Amino acid sequence: MRAYQRKLDIKNGRVDLSHGAGGRAMAQLISGLFHEAFGNEWLARGNDQAAFDVGAGRMVMTTDGYVISPLFFPGGNIGSLAVHGTINDVAMGGARPLYLSASFIIEEGFRFSDLKTIADSMGEAARAAGVYIITGDTKVVERGKADGLFISTTGVGVLADGLDLSAEKARVGDRVLVSGSLGDHGTAIMSRRQNLAFETEIVSDSAALHDLVALMVAAGGSSIRVMRDPTRGGLAAMLNEIAHQSGLGFHLQEEAIPVKPAVAAACELLGLDPLHVANEGKLVAIVAPDMADAVLAAMKAHPLGCDAADIGEAVADNHQFVQMSTSFGGGRIVDWLSGEQLPRIC
Amino acid sequence: MKYADEFRDKTIARGLARVIGAEADSQREYRFMEFCGGHTHAISRYGLEYMLPANVRMIHGPGCPVCVLPASRIDMAIRLAEQPEVTLCVYGDLMRVPGSQGKSLLSAKAFGADIRMVYSTLDAIRIAEQAPNREVVFFAIGFETTTPPTAVMIRLAEKKWLKSFSVFCNHMLTPSAMHSILESPDIRNIGRVEIDGFLGPAHVSTIIGTEPYEVLAEQFGKPIVIAGFEPLDMMQAILMLVRQVNEGRHEVENQYSRAVTRKGNRRAQEEVSDIFELRDQFEWRGLGLVPHSGLKLKQAYAQFDAEMRFTMHEVRVADNPACECGAILRGVKRPVDCKLFGTVCTPEIPIGSCMVSSEGACAAQWTYGRFRDYRLRRA
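These figures come from a predicted structure and were not determined experimentally. (Residues numbered from 1 in each chain as written. Chains lettered and ligands numbered in written order. Predicted model: local features only at pLDDT ≥ 70, side-chain atom pairs only at ≥ 80, totals over all residues.)

Along its length, chain B carries 16 helices and 13 strands. Computed over the C-alpha atoms, the radius of gyration of chain B is 21 Å, within 12% of the 21 Å expected from 2.2 N^0.38 for a compact globule of 379 residues. Along the first, second and third principal axes, the C-alpha atoms of chain B reach 65 × 45 × 45 Å. Taking all 379 residues of chain B together, the buried fraction comes to 53%. (Helix = DSSP H or I, 4+ residues; strand = E, 2+ residues; numbered from the N terminus. Rg over C-alpha atoms; globule rule 2.2 N^0.38 Å. Buried ≥ 20, exposed ≤ 12 C-beta atoms within 10 Å, placed from the backbone.)

Here the focus is the interface of chain A and chain B. Contacts between chain A and chain B engage 30 residues on the former and 39 residues on the latter. Going through the elements one at a time, α8 (261-270) and β13 (331-333) of chain A are the ones with two or more residues in the side of chain A that touches chain B. The leading source of residues in the side of chain A that touches chain B is α8 of chain A, at 4 residues. Here the side of chain A that touches chain B is built from residues that sort into 14 nonpolar, 11 polar and 5 charged. (Contact = placed C-beta atoms within 7 Å. Nonpolar A, V, L, I, M, F, W, Y, C, P; charged D, E, K, R; others polar.)

All names here are of chain B. Axis separation between helix α2 (residues 37-45) and helix α16 (residues 361-369) bottoms out at 9 Å; the angle between their running directions is 20°. The orientation of α2 relative to α16 falls into the category roughly parallel. Seen from above, α2 lies across α16 with right-handed handedness. Along the contact surface, α2 presents T40, H41, S44 and R45, while α16 presents A361, A364, Q365, Y368 and G369. (Axes fitted to C-alpha atoms, helices over the stretch in contact; angles between N-to-C directions. Parallel < 35°, antiparallel > 145°, perpendicular 65-115°, else oblique. Left-handed = near helix turned anticlockwise from the far one by under 90°.)

Okay, the environment of A51 of chain A next. Within the secondary structure layout, A51 of chain A lies in the loop between α2 (41-44) and β1 (58-66). Each C-alpha atom, one on A51 of chain A and one on I134 of chain A, is 8.9 Å from the other, the two residues being 83 residues apart in sequence.

This part takes up the pairing of strand β3 (residues 86-91) of chain B. A regular strand places its side chains on the two faces of the sheet in alternate fashion. Residues and elements named next belong to chain B. The buried fraction of β3 is high, at 6 of 6 residues. Of the two faces of β3, both are covered, the one formed by V86, L88 and V90 as well as the one formed by T87, C89 and Y91. When β3 meets strand β5 (residues 135-142), the two strands line up parallel, connected through 4 bridges. Looking across to β5, one finds that T87 is bridged to V136. Of the pairings in the sheet, the one linking β3 to strand β4 (residues 114-118) comprises 5 bridges and is parallel in character. Considered in β4, the bridge of L88 is made with I115. Crossover connection from β3 via helix α5 (residues 105-110) to parallel β4: handedness right-handed. (Pairing = 2+ DSSP bridges. Right-handed = clockwise from strand over helix to strand, strands pointing away.)

Taken as a class, soluble globular proteins show a tendency for nonpolar side chains to be buried jointly. With 225 residues, the main nonpolar core has M122 and L177 of chain A together with F139 of chain B as its most contacted residues. Per-element tally for this core: the top contributor is helix α12 (residues 231-246) of chain B, with 9 residues. The residues touching F139 of chain B, leaving out its near neighbours within four places in the chain, are A77, L88, C89, V90, L94 and F168 of chain B. (Core = buried A, V, L, I, M, F, W, Y, C linked by C-beta atoms within 7 Å.)

A separate point is the sheet that holds strand β8 (residues 224-228) of chain A. Residues and elements named next belong to chain A. Ordered by their spatial adjacency, 7 strands build an open sheet running β8-β10-β7-β11-β9-β12-β13, and the pairing between neighbours is mixed. A single partner strand is all that each edge strand has here, and the edge strands are β8 and β13. Between one strand axis and the next, the sheet turns by 25° as a mean value, whatever way the strands run. Direction of pairing for strand β12 (residues 322-325) relative to β13: antiparallel, over a ladder of 3 bridges. Directly across from M324, in β13, lies its bridge partner R332. The strands that helix α6 (residues 210-220) touches are β8 and β10 (284-287); relative to β8, the one it contacts most, it runs at about 170°.

The end-to-end C-alpha separation of helix α3 (residues 78-91) of chain A is 20 Å, in line with the 20 Å expected for 14 residues at 1.5 Å each. Burial analysis of α3 of chain A places 14 of its 14 residues in the buried class, the great majority of the element. (Expected span 1.5 Å × (residues − 1).)

Attention shifts here to the sheet that holds strand β4 (residues 96-107) of chain A. All names here are of chain A. With mixed pairing, the 4 strands of this open sheet are ordered in space as β1-β6-β4-β5. A strand with exactly one partner marks an edge of an open sheet, and here the two such strands are β1 and β5 (132-141). Across the sheet, the mean angle separating the axes of adjacent strands is 15° when strand polarity is ignored. The sheet contact formed by β1 and strand β6 (residues 149-159) spans 9 bridges and is antiparallel. Along β6, the bridge assignment pairs M59 with V158. Running at roughly 30° to β6, α3 makes contact with β1, β4 and β6 of the sheet.

We now examine the environment of I311 of chain A. Residue and element names in this part refer to chain A. With respect to the secondary-structure elements, I311 resides in strand β11 (residues 309-315). Between the C-alpha atoms of I311 and K300, which are 11 residues apart in sequence, the distance is 14 Å. Excluding residues that lie within four positions of it along the chain, I311 makes contacts with V176, V178, L252, Q253, A256 and I257.

Right, here's the structure in full:
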């Protein structure tokens, strides 16, 4: 006879320490909430690992931790972000993402209802992207030991033969292509910070970019030298990183860089530079000049790349500066962000 | 972006640059000090300096309250925050400013001090209301622009009967600093270049008006043009300064007339004078002790004065002797002339005041303009 177990009270219940203790409560949380949300054949077998087939080509692997605050923001939540972010890291290598793992560190007292919303949007994001969450882990820590919920995801994908994207492949004259407007995600998050709330229609751009990448690879192949998604530190950090790794400089045209008016206005008020603000659904590609127009056209053909633009070029520069001609007619450096992005007082 | 793009128009900027070039007398040099950090930041960010003729030179003034706050005041704040009962509320850009021992509020926070970053004075009031058992202290800093909000906050704290709330007052006055730059013997000792005119403060002047500068223009015979923070504002103001110099005038003119009046914001001025009074002197990083340049709370509000409440003591500390901030703030030297610039002193680990905030002369040069210090090779 099966022992009676009370159903998970998703509506009013909360995570307690027993849900991470390895007993029945944990098994119930995993099967009742996570399996439900992610539902796939690998997870259903309930093993400590998942065995899977991969096609021809080299394998790609990446991992990322998500510790954002607030957990819910206009355009998504920590769950959809943890899926999109890791898919994008795989995709930036030119690879097709296949499988994800997910590890949850949950603070005691976290609402089941919030956890379910987050798990459901992870499942939804994975299904929409054709990617499966096939293994995972759950830990519960005492109140005060974590900020609600931390999620780590690892992604595995395959890379077609002949493709090897890397920063050191950038060459003088290469074009810098960006897939759309910059600064949306960071601005949306900031608009919901407890002590900074302002009203705006800006929503996060959080999205899985691998379909866009597939179109670009089909159009440009190995003339795409390197791709990155400009997350923390924004476009500025990403281009400085590539400048250092390739030994080149970059020269950008401010007028060509797409920034939504609402994002520009919010940054203006807060004293921030949109080029330092995080994105979660944008990519930057450094492309050989002869194929740049073809790749740009492929990007524009995809909904996530409809605002794509050619914003500048790689130049020879021993100091590896990222420079920009300003829309005002002057010139300046686009530098790394110093320390944390802090609003100015006057 | 409406109401901003209009003031950043490339075509108008080029037109203004041409007129400045045509009207500036090629036989002489024009050295103008932009007082505010907001001006310095905009000059570097928009690359404005390089649109001006070679004989019109901008000298970056001391007008960034974060930069000129002396290390001793940061030390005081750190000592205060280290007291277990204290919650210190500060504006974000103060967090990384180094005190005398290389310690900052950010590092004090990492070592366990209860320091909260706030975006407005109201945030600090809210924190005090939520934690009645904590000693909540607001680190008040800034020129005349940020003083009225602090005054309003003290009124509010009084009205709400907040018993364990106080303010560490570091408000500073701009006309006194301009006076000191033009007059102080301290400054003559380390040399200075002649300044031909000032781009006067923008936001500060919305509060105090243009009147307080009239005595300076008269006494020292220097033109002062109050200028907005947008690049076209500054270009226009520079043209107005060039014309004054050419015509031998030394008047206070108001370019920023869409926001600034001669008398300023009376209501804000009254609030401030109700609650604050002048200090005999206040130390500015890079300028030294400047008479009558700081504010403190009046005796009637002593209960809200953290310096009284916690008997805080100021211990003056010497700046790094190799640091050239003092000379840079007076236009005697440029950032690249300093041995520390870009070597041990960068925005990540600032040594001197000019590198501390993004509005400081060195930080602006480092962040936006340092490529001009090297020969640029385009492909």
